[in-house]
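# Results of the structural survey
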Amino acid sequence: MKDFHCCATCQHFKVEKTAEGAKYFCSRLGYETKTHYKFNCWSPKENVVKLMNKGNSKKSL
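Residues numbered from 1 in each chain as written. Predicted model: local features only at pLDDT ≥ 70, side-chain atom pairs only at ≥ 80, totals over all residues. Heavy atoms only, no water.

### Regarding the overall build of the chain
Note the cut-off: Strands here are runs of E lasting at least two residues and helices are runs of H or I lasting at least four, both read from the DSSP assignment and numbered beginning at the N terminus. Only protein chains enter the area calculation, which uses a 1.4 Å probe; residues under 20% of their type maximum are buried, those over 50% are exposed, and those in between are partly exposed. Throughout, a contact is declared for two residues whenever any of their heavy atoms are within 4.5 Å. Here, Shrake-Rupley sampling with a 1.4 Å probe gives the accessible areas, and only protein chains in the shown set may cover a residue.
In terms of helices and strands, the chain carries one helix and three strands. Residue burial in the chain is summarised as follows: out of 61 residues, 21% are buried. Residue pairs at least 24 apart in sequence account for 49% of intrachain contacts in the chain once pairs closer than 6 positions are excluded. Surface summary for the chain: the accessible area is close to 4800 Å², and the carbon and sulfur share equals 53%.

In structure tokens:
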């Protein structure tokens, strides 16, 4: 999980493009964040869950 856990892989992570550049924020917490930040409320995106499960199944072989 340590390879996946960060805001950019969370289902609540949103990107807003502005004239100054991209702004990243958490729609659950309601404030600006960074792609590499980590919070305990992390809810991984569906594709990330699949990757984590794929990695776990390889470890058990």
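### Section: the sheet that holds strand S3 (residues 31-32)
The following threshold applies: By the convention used here, strands pair only if DSSP detects at least 2 bridges between them.
The strand order across the open sheet built from three strands is S1-S2-S3, with neighbouring strands paired in antiparallel fashion. Either end of the sheet is taken by a strand with one partner, and the two such strands are strand S1 (13-18) and S3. Bridging between strand S2 (residues 21-26) and S3 involves two bridges; their strand directions are antiparallel. The residue of S3 that forms the bridge with Cys-26 is Tyr-31.

### A few points about the side chain of Ser-43
Operational definition: Definition of a polar contact: a pair of N or O atoms within 3.5 Å, with one able to donate and the other able to accept a hydrogen when the atoms are protein atoms, and with sequence-neighbouring residues admitted only if both atoms are side-chain atoms.
As for its placement among the helices and strands, Ser-43 is situated in the loop between S3 and helix H1 (46-59). Residue Ser-43 is classed as buried on the basis of its relative accessible area, which comes to 15%. In this structure the side chain of Ser-43 is engaged in a polar contact, spanning 2.7 Å, whose partner is the side chain of Arg-28. Among residues more than four places away in sequence, those in contact with Ser-43 are Thr-9, Cys-10, Gln-11, His-12 and Arg-28.

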